[in-house]
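Residue strings, one per chain:
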Amino acid sequence: MTTTLITGANKGLGFETARRLIAAGHTVYVGSRDAERGLRAAERLGARPILLDVNDDDSVTAAAKTIAADGGLDVLVNNAGIETRTADNGVPGALETTADLLRPVFETNVLGMVRVTHAFLPLLLRSAAPVVVNVSSGLGSMAMVTDRDLPAYAYPGLGYPASKVAVNMITVQYAKAFPNMRINAVEPGYTATDLNGRTGTQTVEQGAEIIVRMAQVGPDGPTGGFFNAEGVLPW
Ligand SMILES: NC(=O)c1ccc[n+]([C@@H]2O[C@H](COP(=O)([O-])OP(=O)(O)OC[C@H]3O[C@@H](n4cnc5c(N)ncnc54)[C@H](OP(=O)(O)O)[C@@H]3O)[C@@H](O)[C@H]2O)c1
């Protein structure tokens, strides 16, 4: 039996990923920074709720302790993430972006991912088939953001894309450090969730596709790569 933890799974892509992995037979821990929201989501899904704020050391340590005591972890999906938005759901551009505006997005998307991964590494190292999926973005691809023919070119923000570039680098470095694990970054695509005020053009079912696929990759599957539902993406 495969045991999976998904951070930020009380809604959006994390929730849909949980639904699909449960259907595939995984035992899923639904990570949520809010106990009530997590409990409600876990009840709807038939999952195990786990209180987990990726920005809080104590919360992450306690979650790792609980899951270790329950029997361990095989798959970690680092999904929790935020994007900087203005009050009217716009993306602040270069002129409006201050260092302080960048801090929360790096705290959650980058430091949070490392905090969680670091805390769960001892459990993953004990698994027979450990897998990590880091939910990145096409906006974290230098190649895509600089390609005038792609929609990513027009994105004006600094913080969110820079945080996802860091996610991609972290993925590669972890993958090299732990060759017996399958550790990949994925791009769900522009999906209608609260993150973007539901302006995304894909459904969560479509967006979760690559997360679900990479969460189920076997020991002979890829590692250290960057994928969307159609295949390999350029860094
Ligand atoms: N939607 C897209 O178009 C798109 C495209 C590419 C990549 N992504 C990535 O996909 C991932 C999921 O995003 P989504 O679109 O599903 O957004 P979402 O619906 O806003 O969900 C984000 C989840 O992350 C949680 N979260 C935020 N800060 C957290 C923290 N400090 N600790 C724990 N959980 C936290 C949220 O919890 P609360 O409910 O408590 O806020 C929520 O459960 C993110 O990494 C995002 O960057 C999204």
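Before reading on, note that the structure itself is shown above.
Residues numbered from 1 in each chain as written. Predicted model: local features only at pLDDT ≥ 70, side-chain atom pairs only at ≥ 80, totals over all residues.

Caption draft 1: Spatial organisation of the overall build of the protein. Along the protein, the regular secondary structure elements total seven helices and eight strands. Taking 235 residues into account, the globule formula puts the C-alpha radius of gyration at 18 Å, and the protein, at 17 Å, falls close to it. Each principal axis of the C-alpha atoms in the protein carries an extent, and together these give about 50 × 40 × 30 Å. The proportion of buried residues among the 235 residues of the protein is 45%. Within the protein, contacts between residues at least 6 apart in sequence are counted, and of these 65% link residues at least 24 apart. (Helix = DSSP H or I, 4+ residues; strand = E, 2+ residues; numbered from the N terminus. Rg over C-alpha atoms; globule rule 2.2 N^0.38 Å. Buried ≥ 20, exposed ≤ 12 C-beta atoms within 10 Å, placed from the backbone. Contact = placed C-beta atoms within 7 Å.)

Caption draft 2: Just the site of the ligand, in detail. Of all residues adjacent to the ligand, which total 31 residues, the nearest are G8, G12, G81, T193 and L195. Residue assignment for the shell around the ligand shows that the elements contributing at least two residues are helix 1 (12-23) and helix 4 (99-125). Of the residues forming the shell around the ligand, the biggest block, three residues, is contributed by helix 1. Across the shell around the ligand, the residue classes break down as nine nonpolar, 15 polar and seven charged. (Near = placed C-beta within 6 Å. Nonpolar A, V, L, I, M, F, W, Y, C, P; charged D, E, K, R; others polar.)

Caption draft 3: How the structure looks around the sheet that holds strand 1 (residues 3-6). Taken in spatial order, the eight strands make up an open sheet running 3-2-1-4-5-6-7-8, and their pairing is mixed. Taken across any chain shown, the strands that pair with only one partner, and hence form the sheet edges, are strand 3 (48-51) and strand 8 (231-232). Direction of pairing for strand 5 (residues 131-135) relative to strand 6 (residues 182-186): parallel, over a ladder of five bridges. Across the sheet, V133 pairs through a bridge with N184, a residue of strand 6. Where helix 2 (residues 35-45) meets the sheet, its contacts fall on strand 2 (27-32) and strand 3, and the angle it forms with strand 2 comes to roughly 155 degrees. The sheet contacts of helix 7 (residues 204-215) involve strand 1, strand 4 (75-78), strand 5, strand 6 and strand 7 (226-228), and relative to strand 5 the element is tilted by about 160 degrees. (Pairing = 2+ DSSP bridges. Axes fitted to C-alpha atoms, helices over the stretch in contact; angles between N-to-C directions.)

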